[in-house]
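# Descriptive analysis of the structure
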Amino acid sequence: MSIESSNGTAVERRVDAVVVGAGFGGLYMLHRLRKAGFNVHGFERGADVGGTWYWNRYPGARCDVESLDYSYSFNEDLRQEWQWTERFATQPEILRYLEHVADRFNLRSLISFGTSVETAQWSEPYQRWLVETDQGERLSVQYFILATGSLSAAKTPDIAGIESFAGKVYNTSSWPADGVDFAGQRVGVIGTGSSAIQAVPLIARQAAHLTVFQRTPAFTVPARNRELQPDEVRAFKRDYPTYRQRILATRQGVHFPTTGKSALDLSPTEREAVYAEAWQRGGPGFVQVFTDLLTDRVANETAAEFLRARIAEIVTDPVVADALTPRDYPIGSKRIAVDTGYYATFNRPNVTLENLRDAPIESVVAEGVQTTKSLVPLDALVLATGFDAMTGSFLRIDVQGRAGLPLREKWAAGPRTYLGLMSNGFPNMFMIAGPGSPSVLTNMVVSIEQHVDWITDCLVTMRDRSEQSIEPFLQVEDEWVESCNRAAERTLFMAGDSWYLGANVPGKPRVFMPYLGGVAVYRDICAEIAQNGYRGFSIKM
Ligand code: NA7
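All right, on to the pattern of salt bridges then. Enumeration according to the criterion identifies 29 salt bridges in this entry. Glutamate 301 is the salt-bridge partner of arginine 308, the closest N and O atoms lying 2.5 Å from each other. Across the pair glutamate 477 and lysine 410 runs a salt bridge, and its minimum N-O distance is 2.5 Å. Note that glutamate 477 is positioned in helix α15 (residues 474-489) and lysine 410 in helix α13 (residues 407-410), a separation of 67 residues in sequence. Lysine 410 shares its class with glutamate 477; the two are buried. Members of the salt-bridge network, linked through shared partners, are Asp48, Asp103 and Arg108.

Structure (structure tokens):
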């Protein structure tokens, strides 16, 4: 068989599966498929493994899921031998973990690094994908698997004149590997999402002066990060199976303490005590302490008020405190940030908050940032302006399905998938943690492992039955998308301009992209579909 590539030349290589991306998802996918006897190859645009954790090396970068939770479960020896050192792991430690996994399971030999997949075209006559890379490789592939990440395609901010800035411009999501020394410099940070909230306290300690340009204030809770104690790690490893069962039964794939009650069932004093305890405990579970914080606006407002009062307590200048206080969207509708000393950083004499609601950025000029009120002179500019989340990393590849249908066209009004795993019209193309799956609302490692396991089982079953292609029926996909949308409409997630909704990218359709039903329900749905002969999927010999 020979498939011709788009420029008419023959393919160079034939493999069973191509996996795009070598982060948590891609590495485990490669491991499982090779172990199952498939001939599999990986492509990774970075120079090494790590995905999100390879690129996001900005100062202070950490995971906001606790390290003991944010780890693979699939191998007992790996679980026992790896030692996390802190409650919330830093980016370098997570990257070391993924490098260790790549070495331990000998995965690097399967991957072409520094290589981006540019196009993938489905050939109906051959029932295979033709995959082409920016390095000129051309492969004929039965299964095309996208493990490209949910927060991987950085957003280019629509700010005029960035190229004219005389100093250096950095993006938090593609930070130089050997770090940046801001000593003695006037630094500007644009954006106040999770990345900026982690970076700002550290940049402030180094820079001569830091100016934070804020358009929308964020809700953030203290991480209360600390070193892990040998005793707790030993207990965790000893009781791992029990612990694992417990987190698989949750919505988020992590255990968050909850009262199991409505916030409105308690008196104001009792409620305050619950929030105070969650604040002291730290971490992103703050919005999980009551059952209705993400569905009831009045309940939500009680949590928001608690955090607003903390800002007023910490930040000494009332004007700055006021500017840092979020008021116009429900807490949790945009992903809550987890910080170490963020608000207190604004008490430092070398830190200024520029409230872009009072004076928007007009442009970046050679000397610095020009707002409608003043020119802020800068030596370095940091863009912490976010991502084209959840769909950006898929759509930057020119994917063409049956009858040459571009994925970009199919998803023009928002992503359409069945289970966040596959999309009708794109046979044998799988997504790991795609839109329509729990993904970013959960512990990503838990969700990734479940997707990889499901995909592997599916491919093994198809091979056993000599089946060639699989694709969801349009009707089940439409029903899935509809039910995801309906679930979102019953929540407060629709009321914040979040990246979950694509609202942070001008022109992107406003569609809530993750599945809201949670890890436990979703796992059951996927398992039941597989047990029933992949109900809802068209499978061809
Ligand atoms: P986010 O959370 O999307 O934050 C991006 C920030 O950048 C946010 O404060 C934006 O303000 C701001 N932004 C974006 N474009 C502009 C322009 N043009 N001018 C001024 N400010 C701008 O991205 P992060 O990287 O911080 O975090 C992403 C996720 O990674 C996070 O949720 C965690 O899950 C990990 P806006 O809100 O749009 O007014």
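From this point, the narrative continues.
Turning our attention to unusual backbone geometry. Unlike most non-glycine residues, asparagine 428 shows phi in positive territory, near 60°. Structurally, asparagine 428 can be placed in the loop between α13 and β18 (429-431). Its identity as a non-glycine residue notwithstanding, serine 439 has a phi of 30°, on the positive side.

Here the focus is the site of the ligand. In the vicinity of the ligand there are 20 residues, among which Thr192, Ser195, Arg215, Thr216 and Arg335 approach most closely. Within the side chain of aspartate 158, an N or O atom sits 3.2 Å from a nitrogen atom of the ligand. The contact in question runs from an oxygen atom of the ligand to an N or O atom on the side chain of lysine 334, over 3.0 Å. Protein coverage of the free-state accessible area of the ligand, which is 780 Å², stands at 87%. For the shell around the ligand, a count of residues per class yields seven nonpolar, eight polar and five charged.

A few words now on the packing of helix α6 (residues 230-238) against helix α7 (residues 240-248). Where α6 contacts α7, the two axes come as close as 5 Å, and the packing angle between them is 80°. Put simply, α6 runs roughly perpendicular to α7. Of the residues in α7, those touching α6 at Phe236, Lys237 and Arg238 are Tyr240, Pro241 and Tyr243. Along the lines of polarity and charge, the residues of the contact of α6 with α7 split into four nonpolar, no polar and two charged.

Our focus in this paragraph is the nonpolar core. In this structure, Phe24, Tyr72, Ile145, Phe430 and Trp454 are the most contacted members of the largest nonpolar core, which totals 86 residues. Sorting elements by how many residues they give to this core places helix α14 (residues 444-464) first, with ten residues. With residues up to four places along the chain from it excluded, the contact list for tryptophan 454 reads Leu421, Phe430, Cys526, Ile529, Ala530, Tyr534 and Phe537. The next biggest cluster of nonpolar side chains, apart from the first, holds 57 residues, and it includes Tyr58, Phe182, Ala321 and Tyr329.

Turning our eyes to something else, we now look at the sheet that holds strand β15 (residues 375-377). With respect to topology, three strands assemble into an open sheet ordered β13-β14-β15, the strand pairing being antiparallel. Looking at strand neighbours, the two that pair on one side only are β13 (361-365) and β15, the edges of this open sheet. This sheet shows a mean twist of 20° between the axes of neighbouring strands, independent of strand direction. Bridging between β13 and strand β14 (residues 368-371) involves four bridges; their strand directions are antiparallel. By the bridge assignment, valine 365 is partnered in β14 with glycine 368.

Conventions adopted
- Residues numbered from 1 in each chain as written.
- Predicted model: local features only at pLDDT ≥ 70, side-chain atom pairs only at ≥ 80, totals over all residues.
- Heavy atoms only, no water.
- Salt bridge = Lys/Arg side-chain N within 4 Å of Asp/Glu carboxyl O.
- Helix = DSSP H or I, 4+ residues; strand = E, 2+ residues; numbered from the N terminus.
- Buried < 20%, exposed > 50% of the residue type's maximum accessible area, 1.4 Å probe, protein only.
- Near = heavy atom within 4 Å.
- Polar contact = N/O pair within 3.5 Å; in protein donor to acceptor, adjacent residues only side chain to side chain.
- Areas by Shrake-Rupley, 256 points an atom, 1.4 Å probe, with all protein chains shown as cover.
- Nonpolar A, V, L, I, M, F, W, Y, C, P; charged D, E, K, R; others polar.
- Axes fitted to C-alpha atoms, helices over the stretch in contact; angles between N-to-C directions.
- Parallel < 35°, antiparallel > 145°, perpendicular 65-115°, else oblique.
- Contact = heavy atoms within 4.5 Å.
- Core = buried A, V, L, I, M, F, W, Y, C linked by side-chain atoms within 4.5 Å.
- Pairing = 2+ DSSP bridges.

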